[in-house]
Amino acid sequence: MPVHLDMMTMSVVGITVTLVLGLVLTFNWARYGGSSFVGVWGLSMLVLSVGIVVASVSSLAGLLSVLAFGQAAMILSDGIKCNACREFAGRESSLVYVVAGPLLFLLVVNSGLVETFNGRLMLVCTLLAAYNFAAAAELIYANGEHLPSRWPAAVLLVITGLSFLSWLPLIVARPIVEIGQVFLSGWFPAVLLVTLLLRTALAFIVLAMAKERQEQEQRTDALTDSLTGLPNRRALFEAADVIGQRRILGGGTPVSVLILDLDHFKDTNDSYGHEFGDEVLKLFARTLVKTLDDKGIVGRLGGEEFAAILPGVDATAAVVAAEALRRAFARSAAFVNGLAIGATVSVGVASDVEVDTDLSGCSGRADARALCRPRAGRNQVALLESDDQRVLPAGSTIRTSPSRLRPTPPITKRQTVRID
């Protein structure tokens, strides 16, 4: 026996569920904070529930003019959701973007271009579909994030848009002659049920997206040095693990590690203060990113010590890169905030290290202070040499037999390279 969906019952259920969803989302955002995405989506649900109430009451009373405001509120709700997706995707929000749909609807209705209930309903469905497709597009083209819930949300928004477009042939085939007959329609309650289910599913996915974004931000904070914005020690070690796995799968491709130590940084802090020292650290971080970031992964180990992991870079190329960095920082740090500081950096280089890319071992081998201190002062690039690699004079090429790519034996000697 077929189940008959009563329009009055569906209206009450739709209003109640939508209102509860709005309150839950808004309360969740107000109570726990985090992304405003959840709060704005909850606000759209509250606006939608008001629109459904106005539309239902005006339909019962046969007030076509009042019905227009209820329908405009429903369109405004989707405009708010679309703008929320736009903000979530990192794009600038716009009030025009929100109100364009409802204002267009009211303008068309009040101009007399669309006077019948069916005509207005078709216009409402078209605008609602457009907003849902636009919201899905905002989520689809959001770059730089890996949020598993983003794609299901986009799919549901597309399905919601298509469901509104599916109303159009139904309106043409089985038109509602008078406004009051909407409660006698056989197909209207069914499509309302479908949209209600989609609305509920989207609300839960919105919560999941906000949680994923929050977890991603927390992880980013945990892996980022707060002063320089570079990856911190933990992030560098995680990157080393990934590079090590790739090296194993790739048969042991070359990798170089640079340990960078700012010369006499304690004296700078003592003479000019910690705030000025922070400016020097940030200046070096910018120079490091500009010089080496495209070659590998750079980060701050702590204090005045930084590191760079350069996959696929052999000893000669690593020395050249380190020397370029040394010179670049000497130029940029000659004067800091108008003061003649003359800050410099010493760089220790280790290349063709263990296949598992043990960053702890690399750090010890490439320690800039240990390698450069025995030589004439600081501001140098020191290259570690092991039995498995032969370092030639500057400008020469280092050739290492692939068959000898294995864990590096104990250190035999070190060589300091200075190119002026």
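Our subject is the structure listed above.
What you are looking at is a predicted structure, and each value in this text was computed from that prediction instead of being measured. (Residues numbered from 1 in each chain as written. Predicted model: local features only at pLDDT ≥ 70, side-chain atom pairs only at ≥ 80, totals over all residues. Heavy atoms only, no water.)

We now examine the overall build of the protein. Looking only at helices and strands, the protein has 13 helices and 8 strands in total. Within the protein, the proportion of its 420 residues that are buried is 48%. Long-range contacts, defined as pairs at least 24 residues apart, comprise 73% of the intrachain contacts of the protein with a sequence gap of at least 6. Approximately 20200 Å² of the protein is accessible, and the part contributed by carbon and sulfur atoms is 61%. (Helix = DSSP H or I, 4+ residues; strand = E, 2+ residues; numbered from the N terminus. Buried < 20%, exposed > 50% of the residue type's maximum accessible area, 1.4 Å probe, protein only. Contact = heavy atoms within 4.5 Å. Areas by Shrake-Rupley, 256 points an atom, 1.4 Å probe, with all protein chains shown as cover.)

Attention now moves to the side chain of R120. Locating R120 in the fold gives a position in helix α5 (residues 117–140). Its relative accessible area of 8% is what places R120 among the buried residues.

With that settled, the discussion passes to the pattern of salt bridges. Going through the model one piece at a time under the given rule, you end up with 11 salt bridges. Its salt-bridge partner being D78, residue K81 comes within 3.1 Å of it at the nearest N-O pair. Here D78 and K81 lie together in helix α3 (residues 64–88), a separation of 3 residues that amounts to about one turn. Note on D78: relative accessible area 6%, which makes it buried. When the shortest N-O distance is used, the salt bridge between E138 and R91 registers 3.1 Å. Of this pair, E138 sits in helix α5 while R91 sits in the loop between α3 and α4 (95–110), and the two are 47 residues apart along the sequence. Classification of E138 as buried rests on a relative accessible area of 5%. Sharing partners across several salt bridges, the network here consists of R86, R91 and E138. (Salt bridge = Lys/Arg side-chain N within 4 Å of Asp/Glu carboxyl O.)

The next subject is the pairing of strand β2 (residues 297–302). In this structure, β2 lies alongside strand β3 (residues 305–311), joined through 5 bridges in antiparallel fashion. Bridge assignment links G299 to a residue of β3, and that residue is A307. Between β2 and β3, which pair antiparallel one after the other, the connecting turn spans 2 residues, and G303 there sits at a positive phi close to 60 degrees. (Pairing = 2+ DSSP bridges.)

Now for helix α11 (residues 315–332). An ideal rise of 1.5 Å per residue puts 26 Å on 18 residues; α11 measures up with 26 Å between its terminal C-alpha atoms. Listed as buried for α11 are A315, A318, V319, A321, A322, E323, L325, R326, A328 and F329. (Expected span 1.5 Å × (residues − 1).)

On to the packing of helix α2 (residues 36–61) against helix α7 (residues 188–222), then. Two elements in contact, α2 and α7, have axes whose closest approach is 9 Å; the angle formed by their N-to-C orientations is 165 degrees. Relative to α7, the element α2 lies roughly antiparallel. Where α2 crosses over α7, the handedness of that crossing is left-handed. Contacts between α2 and α7 involve F37, V38, W41, M45, L48 and I52 from the first element and R199, L202, A203, V206, L207, M209 and A210 from the second. Looking at side-chain class alone, the contact of α2 with α7 contains 12 nonpolar, no polar and 1 charged residues. (Axes fitted to C-alpha atoms, helices over the stretch in contact; angles between N-to-C directions. Parallel < 35°, antiparallel > 145°, perpendicular 65-115°, else oblique. Left-handed = near helix turned anticlockwise from the far one by under 90°. Nonpolar A, V, L, I, M, F, W, Y, C, P; charged D, E, K, R; others polar.)

Our focus in this paragraph is a nonpolar patch on the surface. A cluster of nonpolar side chains, contributed by M8, V12 and L60, occupies part of the molecular surface with about 270 Å² of accessible area. Along the chain, L60 falls in helix α2. Look at L60 and you get exposed, because its relative accessible area is 53%. (Patch = residues over 30% accessible without salt bridge, like charges linked within 9 Å, V, L, I, M, F, W, Y side chains within 5 Å.)

Its 16 residues place the ends of α4 22 Å apart at the C-alpha level, agreeing with the 22 Å of an ideal helix rising 1.5 Å per residue. Within α4, the axis deviates most sharply at G101, by approximately 30 degrees, and proline P102 lies no more than four positions further along. Looking at α4, one finds that the buried residues are V98, G101, P102, F105, V108 and V109. Those residues of α4 that are buried lie in contact with α3 and α5. Capping the start of α4, S94 holds a side-chain oxygen 3.4 Å from the backbone nitrogen of V96, two or three residues further along. (Bend = angle between axes of the 7 residues up to and from the residue. Polar contact = N/O pair within 3.5 Å; in protein donor to acceptor, adjacent residues only side chain to side chain.)

The next subject is the nonpolar core. Counting residues in each nonpolar core, the largest one holds 55 residues, and the members touching the most others are F37, W41, F105, L121, L139, L157 and W167. Per-element tally for this core: the top contributor is α5, with 12 residues. Residues contacting W41, with those up to four places away along its chain left out, are L25, K81, C85, L157, L202, A203 and V206. (Core = buried A, V, L, I, M, F, W, Y, C linked by side-chain atoms within 4.5 Å.)

The interhelical angle for the contact between helix α10 (residues 274–292) and α11, taken along N-to-C directions, is 140 degrees, at an axis separation of 10 Å. As far as their axial angle goes, α11 and α10 are oblique. The handedness of the crossing between α10 and α11 is right-handed. Two secondary-structure elements touch here, α10 through V280, L283, F284, T287, L288, T291 and L292 and α11 through A321, A324, L325, A328, F329 and S332. Tallied by class, residues from the contact of α10 with α11 come to 10 nonpolar, 3 polar and no charged.

This next bit is on the packing of aromatic side chains. One pair of aromatic rings is described through two measures. These are the centre distance and the angle between the planes. In total, this model carries 6 aromatic pairs according to the counting rule given. For the ring pair F37 and W41, a centre distance of 5.7 Å and an interplane angle of 65 degrees mean the geometry is edge-to-face. A residue pair is termed a helical-turn pair when its members lie 3 or 4 positions apart in one helix, as F37 and W41 do in helix α2 at 4 residues. F37 gets classed as buried once you look at its relative accessible area, which sits at 4%. Taken together, the ring pairs in this structure connect F37, W41 and F88 into an aromatic cluster. The ring of Y97 is capped by R86, whose NZ or CZ atom sits 4.9 Å from the centre of that ring. (Phe/Tyr/Trp six-rings, centres within 6.5 Å; stacked < 30°, edge-to-face > 60°. Lys NZ or Arg CZ within 6 Å of the ring centre and 35° of its normal.)

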